[in-house]
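Close look at the chain arrangement
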Amino acid sequence: MIDKHKLGWGLAALVVAGNMIGSGLYLLPVSLAPMGASSLIGWLVAAVGAATLALVFGALGRVAPGADGLSGYAERGLGRFFGFQVSLAFWAACLIGNVAVAVAATGYLGFFWPVLKEPVAATFCNLALIWIATIAYIIGARTASWLAATALVVGLIPIVIAVVAGATAFDPALFAASWSPGGEPLTQSVPASLAIIFWAYLGVESAAALSHRVKNPARDVGRASIAGALLATVVYVAATVAVFGVIPLDELAQSTSPYADLAGRVFGASIAGFVALCAIAKTLGTIGGWTMMGGETARAAAGQGYLPSGFGGDRTPVVTPLLGAAVMSVVAILSGQPTLGGQFGLLVGVTSVLTLSIYGVCSLSLFRLTKTAGARTIAVAGLVFAIAAVSFAAKGYILPTLGFVALLTAVWFAFMRKGAAPVDPAPSAP
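**Focus on the overall build of the protein**
Helix and strand content of the protein: 18 helices and zero strands. Counting all 430 residues of the protein, 54% fall into the buried class.

**Things to note about a nonpolar patch on the surface**
Together, Phe-112, Trp-113, Val-115 and Leu-277 line one region of the surface with nonpolar side chains, adding up to about 420 Å² of accessible area. Among the secondary structure elements, Trp-113 is positioned in the loop between helix H5 (80-109) and helix H6 (119-139).

**As for the packing of aromatic side chains**
If you walk through the whole model with that rule in mind, you get 20 aromatic pairs. With 4.9 Å between their ring centres and 35 degrees between their planes, Trp-43 and Tyr-236 make a pair best called tilted. A residue pair is termed long-range when its members are at least 10 positions apart, and Trp-43 in helix H3 (residues 39-63) and Tyr-236 in helix H11 (residues 217-244) qualify at 193 residues. In terms of burial, Trp-43 and Tyr-236 fall into one category: buried. Between the aromatic rings of Phe-198 and Phe-385, the centroid separation amounts to 5.6 Å while the plane-to-plane angle is 50 degrees, which identifies the pairing as tilted. Of this pair, Phe-198 sits in the loop between helix H10 (186-197) and H11 while Phe-385 sits in helix H17 (residues 373-391), and the two are 187 residues apart along the sequence. Grouping residues by exposure puts Phe-198 and Phe-385 together as buried. Within the aromatic cluster, the residues linked to one another by ring pairs are Trp-43, Phe-57, Tyr-73, Phe-198, Tyr-201, Tyr-236, Tyr-359 and Phe-385.

**Re the packing of H3 against helix H16 (residues 340-369)**
Between H3 and H16, the shortest axis-to-axis distance is 10 Å and the interhelical angle comes to 45 degrees. The pairing of H3 with H16 is recorded here as oblique in orientation. In the packing of H3 onto H16, the handedness of the crossing is left-handed. Here Leu-53, Val-56, Phe-57, Ala-59, Leu-60 and Val-63 of H3 come into contact with H16, specifically with Leu-356, Tyr-359, Cys-362, Ser-363, Leu-366 and Leu-369. A per-class count over the contact of H3 with H16 returns 11 nonpolar, one polar and no charged.

Rules behind the numbers
- Residues numbered from 1 in each chain as written.
- Predicted model: local features only at pLDDT ≥ 70, side-chain atom pairs only at ≥ 80, totals over all residues.
- Heavy atoms only, no water.
- Helix = DSSP H or I, 4+ residues; strand = E, 2+ residues; numbered from the N terminus.
- Buried < 20%, exposed > 50% of the residue type's maximum accessible area, 1.4 Å probe, protein only.
- Patch = residues over 30% accessible without salt bridge, like charges linked within 9 Å, V, L, I, M, F, W, Y side chains within 5 Å.
- Areas by Shrake-Rupley, 256 points an atom, 1.4 Å probe, with all protein chains shown as cover.
- Salt bridge = Lys/Arg side-chain N within 4 Å of Asp/Glu carboxyl O.
- Phe/Tyr/Trp six-rings, centres within 6.5 Å; stacked < 30°, edge-to-face > 60°.
- Axes fitted to C-alpha atoms, helices over the stretch in contact; angles between N-to-C directions.
- Parallel < 35°, antiparallel > 145°, perpendicular 65-115°, else oblique.
- Left-handed = near helix turned anticlockwise from the far one by under 90°.
- Contact = heavy atoms within 4.5 Å.
- Nonpolar A, V, L, I, M, F, W, Y, C, P; charged D, E, K, R; others polar.

Laid out in structure tokens, this is it:
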């Protein structure tokens, strides 16, 4: 008998796409301006990689259903050292990525208060947003969840209006002139854009959570994962084409609110203001959601023995979000750039490289956990994509990740290795 409460693959695909499409797209056109319209090829390559990684996590959900998130997958297949690395790396990615979202929110607030486009004022605004979201989380996770949920649908409005505006005023000559502003061949510009572009696909691991909610997990999780990634790609490509086909590159590179600027060019200042308000609402909700995610990730890490026990427990202690806010504040200050677009690009690049590294470890763990040819092929493909995307990223994105991994390794061997009970990789699944 079919359970009517379970999802078919089509509805599951909408859930996957919805989890990926969000406020991370709002400043990406500015970060991609140096690559020009040729970044569209990067979107297509990233879509293939995202679909592959979605299949990796779908397979992990089947072979290790009791694992506790990404660190649990790593620990099951590769042992506690990798579980420790993934746990704290994912926590760091949550915090750094959340600062990037705060920067995006400040950028659209700058549409109404231009002083926020200045580095000092922007930094203070970023700090204010971080601490407001942290206070909301301390009041209760329900408050942060409400902030994130109420902004979900609102966040799609700027993208929809941008696509409509682009279709109305698209200039083929302008788009062609924006194709490769630096004259680099695609073999250089496309790989360089992957780390920035993949920011929009972070969250692709959420597909694994669908395995218990779809009618036929063995078949439908894969379909939903690929369809969801492709649906998100259609939205991303349409929005990117709209921006590059209407706004000249020199103006785009200096923008702090590209979709509001696009709407203003085509529909006037009132619609531009409406787009900016919607973008602000979505980014504020996202900051609240990721602040909660960071706190819960730290709590789970403490429960696994990867952080001091004082950071864990049945309820998240106040010290956990306060530490997260302190770390985010330091990141917001140290990552400051002359423009908000430059700061956003730096934070996005570092977060993507860190997260892609985590995805690579999880792909390797899948290879260890299963002996089936299909799952191992998916694992290899996911690992190859993650390695390639990281290796082509700018050194400024890779070096912070290498430094962080080196620090975690030193901490492990200095304090954690002898005190933790050894955990061998789980036996291979049939």
